[in-house]
Amino acid sequence: MWRVVSRGSSVIFHSKKWNPLSVTVRAFSASTGLYGFPHLKTAKGFQSFVDEAIQRSGELISYICTKQPAAEVMRAMDEISDTVCSVIDSAELCRHTHPNREFVEEASKASMRINEYLHYLNTNRDLYDAIKKAERECHMLSEEAKRGVRNLRVDFERGGINLCSEKLDRVNTLNIEMSHLCREYNENIVMDPGTVDIYPSSCIPKNLHYLVRPINRSESLITKDLSGSRGTLKEKGFRITTDPQTLASVLQLSSDDKVRKKVYMRGNSVPQANVDVLKRLISARHELAQIMGCNSYAEFSIKPNMALSPKVVMSFLLEMSKMVQSKTREELKLLTKFKREKCGQSDGDLRPWDETYYMTMMKSSAYKLDASVVGSYFSLSNCIEGLKVLVQSLFGATFHSIPLAPDESWDPHVLKLSLHHPEEGDLGYLYLDLYSRKGKYPGCAHFAIKGGRRISQTEYQLPIVALVCNFSGSQNPLAVRLNHSEVETLFHEFGHALHSLLSRTDYQHFSGTRAVLDFAEIPSNLFEYYAWDYRVLRKFARHYSTGEEIPQKLVESMQGARDMFAATELQRQIFYALVDQTLFGEQPLPHGDISSVVAELKREHTNFEHVEGTHWETRFSHLLNYGAGYYSYLYAKCFAATIWKKLCQEDPLSSTTGFALRTKFLQHGGAREPDALLNDLVGDGIYRYHDGGIMPDISCLCDEMKLVEEYMQQVHLL
């Protein structure tokens, strides 16, 4: 079965012998369109892009069915995947980022068509039989090719190829239904972000005015003259759209608790339509899993991963939950005391809409941090320079800006960089789409456009990726200044991009992030550390006007503020992962009240109350993209903490560190077993086996967050 997370682009398959000449690379076509694809010079080009992908795949299917040897079957299957995924990936990037509505609509149509074609591929018995035959005859293949053949066979079976026709039809129907539900869920988030009207306008501080829209309301009043005539008074106010980004800003910066409460309540109770959408999605996924012989969708989803089963995942999450309990209680006491002191109350409770505001205030008070001062060292141009510093220091490579060809870009402010090595030449290409604009994907993400793959011994298809962010402000990178949370997010996504750009797999099936989910998140978590290390920051974080290097004391204050409520932040991520596991776990159908399940988990595993009438889960889109897989962030975070401590911490920018990261880890993508790569990188002890699955060692993360001592004291008291 073709996994739709695959990343690749179309090339013409040739059945030819290896030619031991000097290596050349294959990248863009000379005839350009969007992302370098010739078809995409216009929006309607998506139609012919799909047509050609289907035609070429049909040719390759015919070729495979002529009883080719195992090596040729694997190469042809990989090209089918590469061809189809070039359409899927470009359509997804276009749907989320293109400002032209016609392009977005045509990309959506292309996405639906090619996904329907995937169902045909995934149920093609001739292809499945060819793969099984290749697996029986694969003793002469490379280890990567053997792994590829085996994975393809397993993926076919996970798609239901062995089911009777009635059940297989139902699986295909469910897959299409789930795709539509996911799209409906995301569209509802965009169409119904929620609004709150605040009067009077003085309730909103000036530093939030850029987020809100002025409004007026008229009130009738009786004039004081003897005529008793009526007049009207216009009162000024503001309308707040409670999309996640605005919601977070208001909860953090508004001093008016009534405003925060209104915004919190509204922002966590929209879109109402997704209550039903999510319920139907859970039901469809559960039915799919049961048809496939699994007890739950969580079991079906986790089976290919390192963790292997929901039992292992829940053991991991509950162990983490116990580990943070003591410290989170202490953090809550400190925060509650701080609120009471600021409000002049002796018994005021901390409400959910208070948390972010008082955390921010307490951090600023304790460490004398001023967000504008911190941001003055992180202009966007400085941060891009930081990415260049990383690749130069670690890998001896450089990023070069290169001009975009006609019709290649989707916005005038998109940048294109080539990652170049002095001895190896270009390693890959990176698009940077960094500024917010109306209709654009609201978060930050890494989109692959082409996966790396070996065409022949002399040709290699270079990886091409896009890094998409939503930094607000001017389109001048010198004028845009990031808060440090945005810097951390940029480095996180850059970790994904490096995984793709440095990958050198023979097959795009394994290129870059095309690894099991709970392994693929490790590089992104690892590169977050680089955004906090003073030895790294001093290389690029300079004052936007004076050029002064960021002071070490300021970085230490930033680190102190980060650590102040680190256990609470970790507990929140554990809670999210537990919600994800529970909703897609062994539940009776039809599923009960989802919000009550979420509320109970919140009461059991956090220190904060659930507010009746809210349903935060209706715009937590990770439930769609990572159904039963959200644990991967925490799971990977533990691995990243160990890698940082044992390999990177002593000298994070050394070429020795970079050589190990590249040759033992990043360049392999998903082509080797994850546990073998991790063990090769840092040695024994980075994981342990538990109930047949793999559990990460949590000691380095706990040491880093100073959780071990508190946990041991708690155990001793028990």
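Residues numbered from 1 in each chain as written. Predicted model: local features only at pLDDT ≥ 70, side-chain atom pairs only at ≥ 80, totals over all residues. Heavy atoms only, no water.

- If you open the UniProt record of the chain and go to Subcellular location (unreviewed entry), you find "Mitochondrion".
- What UniProt records for the chain under Sequence similarities (unreviewed entry) is the sentence "Belongs to the peptidase M3 family." (UniProt positions renumbered as here; feature names shortened; annotations may be inferred.)

### A closer look at the overall build of the chain
Okay, so step 1: Per the secondary structure count, the chain includes 27 helices and 13 strands.
Okay, so step 2: Here the C-alpha atoms of the chain give a radius of gyration of 27 Å, agreeing with the 27 Å that 2.2 N^0.38 yields for 718 residues.
Okay, so step 3: Seen along its three principal axes, the alpha-carbon backbone of the chain occupies a region of about 100 × 60 × 60 Å.
Okay, so step 4: Counting all 718 residues of the chain, 55% fall into the buried class.
Okay, so step 5: Counting contacts in the chain only where the partners sit at least 6 residues apart, residues at least 24 apart contribute 75% of the total. (Helix = DSSP H or I, 4+ residues; strand = E, 2+ residues; numbered from the N terminus. Rg over C-alpha atoms; globule rule 2.2 N^0.38 Å. Buried < 20%, exposed > 50% of the residue type's maximum accessible area, 1.4 Å probe, protein only. Contact = heavy atoms within 4.5 Å.)

### Comments concerning the confidence of the model for the chain
Okay, so step 1: Per-residue pLDDT for the chain averages 91, and the proportion of residues at 70 or more is 92%.
Okay, so step 2: Considering only residues more than four positions removed or in separate chains, one finds that residues 1-26, a stretch of pLDDT under 50, has 98 contacts.
Okay, so step 3: Counting contacts from residues 714-718, a segment whose pLDDT is below 50, to residues more than four positions away or on other chains yields 4 contacts. (pLDDT = per-residue confidence, 0-100.)

### Quick word on the pattern of salt bridges
Two side chains that carry opposite charge are able to pair once their charged atoms sit near each other.
Okay, so step 1: If you walk through the whole model with that rule in mind, you get 44 salt bridges.
Okay, so step 2: Its salt-bridge partner being K339, residue D354 comes within 2.7 Å of it at the nearest N-O pair. Here D354, found in the loop between α11 (310-343) and α12 (355-367), pairs with K339, found in helix α11; they are 15 residues apart in sequence, far enough to count as distant. Grouping residues by exposure puts D354 and K339 together as buried.
Okay, so step 3: In the salt-bridge network here, residues are joined through shared partners; they are D411, D433, R437 and K440. (Salt bridge = Lys/Arg side-chain N within 4 Å of Asp/Glu carboxyl O.)

### Section: helix α4 (residues 125-136)
Okay, so step 1: Taking 1.5 Å per residue, 12 residues should reach 16 Å; α4 reaches 17 Å between its end C-alpha atoms and fits that length.
Okay, so step 2: Taken together, the buried positions of α4 are L127, Y128, A130, I131 and A134. Down the axis, α4 shows its buried residues gathered within 160° of arc, on one side only.
Okay, so step 3: For α4, the elements touching its buried residues are α1 (45-64), α2 (70-97), α3 (101-122) and α5 (143-158). (Expected span 1.5 Å × (residues − 1). Arc of directions from axis to C-beta.)

### Structural notes on unusual backbone geometry
Okay, so step 1: In the segment running from Y199 into P200, the intervening peptide bond is cis, with an omega of -10°.
Okay, so step 2: Inspection of the secondary structure assignment puts P200 in the loop between β2 (195-198) and β3 (213-222).
Okay, so step 3: Of note in the backbone geometry, K67 takes a positive phi value of approximately 60° without being a glycine.
Okay, so step 4: For D691, which is not a glycine, the phi torsion comes out positive at approximately 50°.
Okay, so step 5: One can find D691 in the loop between β12 (687-690) and β13 (693-696).

### A word on α12
Okay, so step 1: For α12, which comprises 13 residues, the first-to-last C-alpha distance of 18 Å matches the rise-based estimate of 18 Å (1.5 Å per residue) to within 8%.
Okay, so step 2: Taken residue by residue, α12 has E355, Y357, Y358, M359 and M362 as its buried positions.
Okay, so step 3: In the stretch just after α12, K368 is the one whose phi turns positive, near 55°.

### Observations regarding the packing of aromatic side chains
Okay, so step 1: Scanning the model with the defined rule gives 31 aromatic pairs in all.
Okay, so step 2: Ring geometry for Y357 against Y358: centres 4.9 Å apart, planes inclined by 80°, an arrangement best described as edge-to-face.
Okay, so step 3: The class for Y357 is buried, based on a relative accessible area of 12%.
Okay, so step 4: Take Y358: its relative accessible area is 6%, and that puts it in the buried class.
Okay, so step 5: Taken together, the ring pairs connect F575, Y576, W616, F620, Y626, Y630 and Y633 into an aromatic cluster.
Okay, so step 6: The ring of Y199 carries R217 above its face, with NZ or CZ at 3.9 Å from the centroid.
Okay, so step 7: Taking the ring centre of Y429 as reference, the NZ or CZ of K416 above it sits at 5.4 Å. (Phe/Tyr/Trp six-rings, centres within 6.5 Å; stacked < 30°, edge-to-face > 60°. Lys NZ or Arg CZ within 6 Å of the ring centre and 35° of its normal.)

### Topic: the packing of helix α23 (residues 631-648) against helix α25 (residues 674-682)
Okay, so step 1: Two elements in contact, α23 and α25, have axes whose closest approach is 10 Å; the angle formed by their N-to-C orientations is 25°. When the axis of α23 is compared with that of α25, the two are roughly parallel. For the pair formed by α23 and α25, the contact residues are F639, I643, K646 and L647 on the first element and L678, L681 and V682 on the second.
Okay, so step 2: When grouped by side-chain class, the residues that make up the contact of α23 with α25 number 6 nonpolar, no polar and 1 charged. (Axes fitted to C-alpha atoms, helices over the stretch in contact; angles between N-to-C directions. Parallel < 35°, antiparallel > 145°, perpendicular 65-115°, else oblique. Nonpolar A, V, L, I, M, F, W, Y, C, P; charged D, E, K, R; others polar.)

### So, the UniProt feature "coiled-coil region" (unreviewed entry) in the chain
Okay, so step 1: Residues annotated in UniProt with the feature "coiled-coil region" (unreviewed entry) correspond here to residues 124-151.
Okay, so step 2: Counting secondary structure, residues 124-151 comes out at 75% helix and 0% strand; the distance between its end C-alpha atoms is 16 Å.

### Details of the sheet that holds strand β11 (residues 464-471)
Okay, so step 1: The strand order across the open sheet formed by 5 strands is β5-β6-β7-β11-β8, and the pairing between neighbours is mixed. The sheet is open, and its two borders are formed by β5 (398-401) and β8 (445-450), each paired with just one other strand. Within the sheet, the average angular offset between the axes of one strand and its neighbour, ignoring direction, is 30°.
Okay, so step 2: By the bridge criterion, 7 bridges tie strand β6 (residues 415-421) to strand β7 (residues 425-435) in an arrangement that is antiparallel. The partner of H420 across the bridge, within β7, is D426. (Pairing = 2+ DSSP bridges.)

### Comments concerning the packing of helix α14 (residues 380-395) against helix α24 (residues 655-664)
Okay, so step 1: In contact at an axis separation of 6 Å, α14 and α24 are set at 90° when each is read in the N-to-C sense. Classified by the interaxial angle, the pair formed by α14 and α24 is roughly perpendicular. Taken together, the residues of α24 that come into contact with α14 (itself represented by S393, L394 and F395) are S655, T657, G658, F659, L661 and R662.
Okay, so step 2: When the residues that make up the contact of α14 with α24 are grouped by side-chain class, the tally is 4 nonpolar, 4 polar and 1 charged.

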